[in-house]
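One letter stands for each residue in the lines below.
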Amino acid sequence: LNETVQVLATVTDAETPTGQLTYEWSGPGTLTPSGASLTWVVPSSFSTGTPATATLTLTVTERYTENGVTHRQSSTGTFPVRVHNSEKEILDLGED
């Protein structure tokens, strides 16, 4: 909790280089996106209820022009991430 996690999405598109796609990340906590990668600070709000599952969402959008018309295609995926507070979970077991 309050830990920084690096997340990297592997994205491929047959027509558009991945650097020309747009990436929109969402989820709980502090998100610092940079294209297909994300720095995520796991929120402390999970501290009383771990282990828990947080869901990160990524929408990738391709924009292209065909016959003078701009098109937009998007694909969205959700990714469950297990969140643990190891120290609390071990202490709750009565072990150190």
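All of these numbers come straight from a predicted model, not from anything done at the bench. (Residues numbered from 1 in each chain as written. Predicted model: local features only at pLDDT ≥ 70, side-chain atom pairs only at ≥ 80, totals over all residues. Heavy atoms only, no water.)

Engineer: Help me understand the overall build of the protein chain in this model?
Structural biologist: Helix and strand counts for the protein chain stand at 1 helix and 6 strands. Reading the helices (α) and strands (β) of the protein chain from amino to carboxyl end gives β-β-β-β-β-β-α. Overall, the C-alpha framework of the protein chain stretches about 70 × 20 × 15 Å when taken along its three principal axes. The buried share among the 96 residues of the protein chain stands at 24%. When contacts within the protein chain are restricted to residue pairs at least 6 apart in sequence, long-range pairs at least 24 apart make up 58% of them. If you sum the accessible surface of the protein chain, you get close to 6,500 Å²; carbon and sulfur atoms cover 48% of it. Of the side-chain charges in the protein chain, 4 are positive and 11 negative, and the distance between the mean point of each set is 8 Å. (Helix = DSSP H or I, 4+ residues; strand = E, 2+ residues; numbered from the N terminus. Buried < 20%, exposed > 50% of the residue type's maximum accessible area, 1.4 Å probe, protein only. Contact = heavy atoms within 4.5 Å. Areas by Shrake-Rupley, 256 points an atom, 1.4 Å probe, with all protein chains shown as cover. Lys, Arg positive; Asp, Glu negative; His and termini not counted. Charge placed at Lys NZ, Arg CZ, Asp CG, Glu CD.)

Engineer: So what exactly am I meant to see when it comes to the sheet that holds strand β2 (residues 22–26) here?
Structural biologist: Across the sheet, which stays open at both edges, the 3 strands sit in the order β2-β5-β6 with antiparallel pairing between neighbours. The sheet is open, and its two edges are formed by β2 and β6 (69–83), each paired on a single side. Strand-to-strand, the axes of this sheet are offset by a mean angle of 15 degrees, without reference to chain direction. With 15 bridges joining them, strand β5 (residues 52–66) and β6 adopt antiparallel strand pairing. Bridge assignment links A52 to a residue of β6, and that residue is V83. (Pairing = 2+ DSSP bridges. Axes fitted to C-alpha atoms, helices over the stretch in contact; angles between N-to-C directions.)

Engineer: Any chance you could explain the pairing of β5 here in plain terms?
Structural biologist: Remark: a regular strand shows side chains that alternate across the two faces of the sheet. Taken together, the 5 bridges between β2 and β5 define a ladder with antiparallel strand orientation. In the strand pairing of β5, T22 is matched with T61. The turn linking β5 back onto β6 is made up of 2 residues, and N67 within it adopts a positive phi angle of 55 degrees.

Engineer: Which parts of the structure should I look at to understand the confidence of the model for the protein chain?
Structural biologist: Should pLDDT be low for a region, the predicted coordinates there are not to be read in detail. Across the protein chain, the average pLDDT comes to 88, with 92% of residues at or above 70. Ranking the elements of the protein chain by mean pLDDT puts helix α1 (residues 86–92) last with 70 and β2 first with 96. (pLDDT = per-residue confidence, 0-100.)

Engineer: How should the sheet that holds strand β3 (residues 30–34) be read in this particular structure?
Structural biologist: Whether parallel or antiparallel, the strands of a sheet pair through hydrogen bonds between backbone atoms. If you walk across this open sheet you meet the 3 strands as β1-β4-β3, and the pairing is antiparallel. Edge positions in the open sheet fall to β1 (4–8) and β3, since each of these has one partner strand only. Taking each pair of neighbouring strands and ignoring which way they run, the sheet shows an average axis angle of 20 degrees.

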